[in-house]
Amino acid sequence: MVHTSDLTPDILADLRRPRPYPAITLAMPTDPDRPFGDKDRILLRDLVVQARRQLADDPDVPRDARLELRDHVLDPDVVEDAGFPFHPSGALVVHLAAGEPVQVWQLTSPAVEPRVEFATAFLTRYAVAAEQRSHPYLVLVLDQEMCRLHLGSVEELTEVTRYGFPDPPRIPSPEDSLPGPIPHAPPYEGHDERVKQYLRTVDRRLAAALDELPALPLFVVGSEKAVSFFTALTTRRDRIAGVLPLTGMDKDPAPDLARRLAPLLREFRERQVAQAMDDLGAARGAGLYAGGPPEVWTAAADKRIELLVVEESLAVAGRIGGDGRLLEVVPYPEPVTLPDPRQDAHRPADTMDVATDVVEQLVENAVEAGSRVLFVPDGTLEAAGGVAAVLRF
């Protein structure tokens with residue numbers, strides 16, 4: 001079982017890589033009140049049965065892949081076992097392919113429509129939208145005994161063990177010798193410079209993380225001296241969204257650090273939303289604004305979006321044009337069956353399919369095009385139908 005906070009650029013790239021047909025994705029909503037109770041188990045088993053039926057009927061599935069998937073992968077017990085332990089969330093997404101272990105993703109996301117998808121790559125739109133909804137961020141903890149980097153998602157923190165983190169300071173000093181520093185002794189001459197030298201090393205390692213995660217804000221936690229030194233010397237000062245002068249957090253459990261950070265995150269979030277509304281207002285005046293699902297959908301298809309702003313709980317159903325650029329909004333929810341596009345390659349261009357995961361697909365399209373995405377509280381974009389965008393041109 002993997003969670004929204006586990007999604008990294010490398011994992012996302014691996015999920016998206018082409019695979020021998022069929023790469024199978026199962027998606028379903030989950031009951032937050034009774035996590036993986038009878039209702040969820042029955043729905044998951046129904047999806048597995050539907051996938052087995054589609055596997056048997058699909059002539060494009062190679063014989064060896066069909067046998068392996070049928071006998072070893074597409075088994076309700078195998079898929080269910082891969083989903084434990086399970087905790088309340090919004091959606092469950094399962095990825096299955098011949099020769100690969102079952103992947104079960106627990107996503108912090110509004111409920112999705114149950115579906116089975118056969119393709120040459122896994123369906124990632126739900127994971128991408130869930131990650132964006134979780135408002136991810138980075139936390140750098142500077143401490144005299146250990147420097148750590150955490151990836152934050154909603155109110156959860158996961159320690160990052162890449163880029164050279166966690167990193168113990170290497171600051172030789174008479175103060176560090178046994179049995180310990182002399183009480184009331186004057187500061188060791190040159191100690192501050194050694195600290196700065198070490199923090200420059202931390203900054204270089206941090207830069208590698210920030211380059212790989214360019215859209216995430218950074219929060220710095222540590223003693224007043226360490227934070228002051230770091231903010232003065234870092235080459236990525238523009239990425240710092242807030243600082244928290246606090247010592248000893250390198251040893252405290254991640255949930256405790258998350259609670260300490262909560263007020264700072266709320267303030268940052270409020271600033272983000274206010275700035276986004278200002279940006280949308282300026283874009284409207286400059287003729288670089290799109291508002292409402294159909295207009296924003298077309299702008300995303302044309303890769304024109306610089307900033308996509310979406311209300312948290314927005315759910316949109318619509319018919320998508322054959323060229324992928326047109327969206328006709330229909331009442332939500334509506335019973336739908338999404339056809340396999342491989343079987344409809346010769347449909348007329350004006351043929352329209354109905355989709356109930358329009359928001360998730362919109363977010364993934366925007367992220368793939370390099371757009372920034374921000375989810376805002378419900379009601380913020382009421383006049384625009386819940387979604388608006390700042391355009392590049």
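What counts and what doesn't
- Residues numbered from 1 in each chain as written.
- Predicted model: local features only at pLDDT ≥ 70, side-chain atom pairs only at ≥ 80, totals over all residues.
- Heavy atoms only, no water.
- Helix = DSSP H or I, 4+ residues; strand = E, 2+ residues; numbered from the N terminus.
- Contact = heavy atoms within 4.5 Å.
- Areas by Shrake-Rupley, 256 points an atom, 1.4 Å probe, with all protein chains shown as cover.
- Pairing = 2+ DSSP bridges.
- Axes fitted to C-alpha atoms, helices over the stretch in contact; angles between N-to-C directions.
- Phe/Tyr/Trp six-rings, centres within 6.5 Å; stacked < 30°, edge-to-face > 60°.
- Buried < 20%, exposed > 50% of the residue type's maximum accessible area, 1.4 Å probe, protein only.
- Core = buried A, V, L, I, M, F, W, Y, C linked by side-chain atoms within 4.5 Å.
- Expected span 1.5 Å × (residues − 1).
- Bend = angle between axes of the 7 residues up to and from the residue.
- Salt bridge = Lys/Arg side-chain N within 4 Å of Asp/Glu carboxyl O.

1. Some words on the overall build of the protein
Step number 1: When helices and strands are tallied, the protein shows ten helices and 17 strands.
Step number 2: For the protein, the share of sequence-separated contacts (at least 6 apart) that also reach a separation of at least 24 residues comes to 68%.
Step number 3: Roughly 19,300 Å² of accessible area belongs to the protein as shown, and the carbon and sulfur atoms make up 53% of that amount.

2. Regarding the sheet that holds strand E5 (residues 115-119)
Strand pairing in a sheet relies on backbone hydrogen bonds. The paired strands run either parallel or antiparallel.
Step number 1: Sheet architecture is open: five strands sit in the order E1-E4-E3-E2-E5, paired in mixed fashion. The open sheet has two edge strands with one neighbour each: strand E1 (2-3) and E5.
Step number 2: Sitting on the sheet, helix H2 (residues 38-57) is in contact with strand E2 (23-29), strand E3 (91-96) and E5, with an inclination near 150° to E2.

3. As for the packing of aromatic side chains
Step number 1: For the structure on display, the rule yields three aromatic pairs.
Step number 2: Judged by centre distance (5.5 Å) and plane angle (90°), the rings of Phe219 and Phe268 are edge-to-face. One end of the pair, Phe219, is in strand E9 (residues 218-222); the other, Phe268, is in helix H8 (residues 254-285), with 49 residues separating them in the sequence. Here the two residues Phe219 and Phe268 agree in accessibility, since each one is buried.

4. So, the side chain of Arg148
Step number 1: Assignment of secondary structure puts Arg148 in strand E7 (residues 148-153).
Step number 2: If near-sequence neighbours (up to four positions away) are discounted, Arg148 is found in contact with Val139, Leu140, Val141, Glu159, Phe165, Pro166 and Asp250.

5. With respect to the nonpolar core
Step number 1: One finds Leu107, Val296, Ile305, Leu308 and Val363 to be the most contacted residues of the largest nonpolar core, which totals 41 residues.
Step number 2: Leave out the neighbours within four places in its chain, and Ile305 touches Val296, Ala299, Ala300, Ser371, Ala389, Val390, Leu391 and Arg392.
Step number 3: Within the second largest apolar cluster, 26 residues are counted, among which are Leu140, Cys147, Leu149 and Val202.

6. As for the sheet that holds strand E11 (residues 289-291)
Step number 1: Strand order in the open sheet formed by four strands is E11-E17-E12-E16, and the pairing between neighbours is mixed. With one partner strand each, in any of the chains shown, E11 and strand E16 (372-376) form the two edges of the open sheet. Within the sheet, the average angular offset between the axes of one strand and its neighbour, ignoring direction, is 15°.
Step number 2: With three bridges joining them, E11 and strand E17 (residues 387-391) adopt antiparallel strand pairing. Bridge pairing in E17 links Ala290 to Ala389.
Step number 3: Those strands touched by H8 are E11, strand E12 (305-311), E16 and E17, and its axis lies near 115° from that of E16.

7. Observations regarding H8
For an α-helix, the turn length of 3.6 residues means that residues three or four places apart are oriented alike.
Step number 1: Taking 1.5 Å of rise per residue, the 32 residues of H8 would be expected to cover 46 Å, and the 44 Å separating its terminal C-alpha atoms lies within 8% of that figure.
Step number 2: Where H8 bends most, at Leu261, the angle is about 45°, and the proline Pro263 comes one to four residues later.
Step number 3: Of the residues flanking the end of H8, it is Gly287, one or two places downstream, whose phi is positive at about 75°.

8. Some details on the pattern of salt bridges
Step number 1: Tallied over the entire structure, the rule returns 27 salt bridges.
Step number 2: Between Glu80 and Arg45 there is a salt bridge, with its nearest N and O atoms 3.3 Å apart. Here Glu80, found in helix H4 (residues 76-82), pairs with Arg45, found in helix H2; they are 35 residues apart in sequence, far enough to count as distant.
Step number 3: Ionic contacts of the salt-bridge type, sharing partners, join the residues Asp14, Arg17, Arg19 and Glu100 into one network.

9. A look at unusual backbone geometry
Step number 1: Omega for the peptide link from Tyr21 to Pro22 comes to 5°, which places this bond in the cis form.
Step number 2: Take Pro22: it is sitting in the loop between helix H1 (9-16) and E2.
Step number 3: Of note, the phi angle at His135 is positive, near 50°, even though the residue is not glycine.
Step number 4: With respect to the helices and strands, the residue His135 is situated in the loop between helix H5 (125-133) and strand E6 (137-142).
Step number 5: Using a relative accessible area of 24% as the deciding quantity, one classes His135 as partly exposed.
Step number 6: Its identity as a non-glycine residue notwithstanding, Tyr163 has a phi of 65°, on the positive side.
Step number 7: Mapped onto the elements, Tyr163 comes out in the loop between strand E8 (156-160) and helix H6 (191-212).

Limitation: the analysis is restricted to geometry and does not speak to function.
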